[in-house]
Structures are given as structure tokens and as C-alpha cells.
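Structural characterization, general
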Amino acid sequence: MKSKLQETIDLLRQKVKSNLDLINTNQEEINTILNATKPSERQERMPEFESKFKVNKELLSLNNDLIKVQITLMNFLDKHKSTEALDNEVITSVPLNSLNEDEIFELTKVGDIEFNDDHPFFDDNDFFDRLLAYFESTEQYEKCQEMIVKRNQIS
């Protein structure tokens, strides 16, 4: 469980950094608009300015929330670092046939259900493509490779 929490903290940190990069890019464009020498040019680009400003405001609010979650998780880990329960991986005992495809997808992408020939959607091409796309979008290329190898071994 510690590893899952640490992984979550790292993902949150990456998202904050990504948001900050976008905020900085938007701010450069905002500054360009504000520094336009011709008032007509500034006026013409005002909708773009307002849009970038709004996006930055939303991203800053989101980052604030993401940082709060990171701090909460880090404090939790620090407080319970010597707890044996955190050393063991959490195993759910929910029967897979009681879950829908989206629930199984969520459990598979976080690693609670292994994607192998016993997986309920192992032979489902749409599920496979969706899961592969998720791992690609989160840059978990080793997971992509692992899935492809498992699928090719069975075929």
C-alpha cells in the first residue's frame, strides 16, 4: 500500500508540474498580448487574453487542490510509516462478476487486477485498446509492452 500511495503522490506531483508548464506558457502569451504596442491589436486579442487568464485561474485552483492531497498523503505516510498494515498490499475480495467493465478497467489500470489470460476482458479487443491507450497516455510504456507480450504469447 505504501508503494501505491507513493505512486499516487508522484503522479500528483507530475500533474502539478504539467499544469505549471501550461500556466507559464499561457502567461507568456498573456504578456505578449498586454505588451502589444497598438491598442487595436490588444483589443482584438482580448478574447484570447480572457481565455488564457481563465484557464490559468482554473489550473492554479486545481494545483492548489492537488498539492493539498499530496500533503495529506505524505502526512499519512509519515504518521503511519511503521504500521505493518501499510506494508502489505491490499487485496480485494469482491467477485469480478459483480463488477461492470468500467470498474474492472479501473482496478486493472491501478494493478489490483492483473491483465493476464485469467482477466475477464483479456480477449476483448476494445478493452485491450482502451487499457493500452491509458498506459500510453500516462507514459507507462513498460505496462504497454507487458500487455502486448502477454497477448501475443496466448495468440
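Every chain is numbered on its own, with residues counted from 1 as its sequence reads. Selection of residues for local features in this predicted model requires a pLDDT of at least 70, selection of side-chain atom pairs for listing and counting requires 80 or more, and totals for whole chains, interfaces and linings are taken over all residues. Each side-chain value is derived from all of the structure's non-hydrogen atoms; neither hydrogens nor water enter the calculation.

Things to note about the nonpolar core
With 14 residues, the main nonpolar core has Ile-104, Phe-115, Phe-127, Leu-131 and Met-147 as its most contacted residues. Put simply, the parts of the chain that give this core at least two residues each are α5 (101-109), α6 (125-137) and α7 (141-154). Sort the elements by how many residues they give to this core and α6 lands first, with five residues. Two residues form a contact once any of their heavy atoms are found within 4.5 Å. Setting aside residues no more than four positions away along its own chain, Ile-104 makes contact with Leu-96, Leu-99, Ile-113, His-119, Pro-120, Phe-121 and Phe-127. Take the buried residues of types Ala, Val, Leu, Ile, Met, Phe, Trp, Tyr and Cys, join any two whose side-chain atoms come within 4.5 Å, and each joined set is a nonpolar core. Burial classes follow relative accessibility: with a 1.4 Å probe on protein chains only, a residue under 20% of its type's maximum area counts as buried, one over 50% as exposed, and anything between as partly exposed. Counting seven residues, the second-largest nonpolar core is a separate cluster that includes Leu-5, Leu-12, Val-16 and Leu-77. In DSSP terms, a helix is any run of H or I states spanning at least four residues, a strand is any run of E spanning at least two, and both are numbered starting from the N terminus.

Some thoughts on the pattern of salt bridges
Salt bridges are defined as contacts in which a side-chain nitrogen from Lys or Arg sits within 4 Å of a carboxyl oxygen from Asp or Glu. Under the definition given, this model contains nine salt bridges. With a shortest N-O distance of 3.8 Å, Arg-130 and Glu-101 are connected by a salt bridge. With Arg-130 in helix α6 and Glu-101 in helix α5, this pair connects stretches of sequence that are 29 residues apart. For Arg-130, a relative accessible area of 31% translates into the label partly exposed. Overall, the relative accessible area of 31% leaves Glu-101 in the partly exposed class.

Points about α5
Within the sequence span of α5, burial applies to Ile-104, Phe-105, Thr-108 and Lys-109. Take α5 and look down its axis: the buried residues cluster within an arc of 130°, on one side only. In this fold, the buried residues of α5 make contact with α6. We call two N or O atoms a polar contact when they sit within 3.5 Å, provided that within protein one can donate a hydrogen and the other can accept it, with sequence-adjacent residues counted only if both atoms are side-chain atoms. The opening residue of α5, the one whose side-chain oxygen lies 3.0 Å from the backbone nitrogen of Asp-102, is Asn-100. Taken from the residues just after α5, Gly-111 is the one with a positive phi, measuring 90°. The reported arc concerns the directions from the helix axis to the C-beta atoms and nothing else.

Overview of the environment of Gln-153
Summarising the element assignment, Gln-153 is placed in helix α7. By relative accessible area, which is 62% here, Gln-153 ends up exposed. Here the alpha-carbon distance between Gln-153 and Asp-117, two residues 36 residues apart in the chain, equals 9.7 Å.

Observations regarding the side chain of Asn-56
Position of Asn-56 among the secondary structure elements: in helix α3 (residues 46-79). A residue is classified by how much of its surface remains accessible, and Asn-56, at 5% relative accessible area, is buried. Engagement of the side chain of Asn-56 in a polar contact is seen with the backbone oxygen of Ile-23, the distance being 3.4 Å. The contact partners of Asn-56, leaving out residues within four places of it in the chain, are Leu-22, Ile-23, Asn-26, Gln-27 and Ile-30.

Regarding the packing of aromatic side chains
Pairing of aromatic side chains requires ring centres within 6.5 Å, counting the rings of Phe and Tyr and the six-membered ring of Trp. Pairs whose planes differ by under 30 degrees are stacked, by over 60 edge-to-face, and all others tilted. Applying the stated rule across the entire model yields eight aromatic pairs. Measuring from centroid to centroid gives 5.8 Å for Phe-105 and Phe-127, while their planes differ by 80°, and the two rings are edge-to-face. Note that Phe-105 is positioned in helix α5 and Phe-127 in helix α6, a separation of 22 residues in sequence. Here Phe-115 and Phe-127 contribute two aromatic rings whose centre-to-centre distance is 6.4 Å and whose plane-to-plane angle is 15°, an arrangement assigned as stacked. Of this pair, Phe-115 sits in the loop between α5 and α6 while Phe-127 sits in helix α6, and the two are twelve residues apart along the sequence. Across the pair, Phe-127 and Phe-115 agree in class, each one buried. Chaining the aromatic ring pairs together yields one cluster made of Phe-105, Phe-115, Phe-121, Phe-122, Phe-127, Phe-128, Tyr-134 and Phe-135. The residue whose ring lies beneath Arg-130 is Phe-105, and the NZ or CZ to ring-centre distance is 3.9 Å. Note on geometry: a ring has a charge over it if NZ (lysine) or CZ (arginine) is within 6 Å of the ring centre and within 35 degrees of the ring normal.

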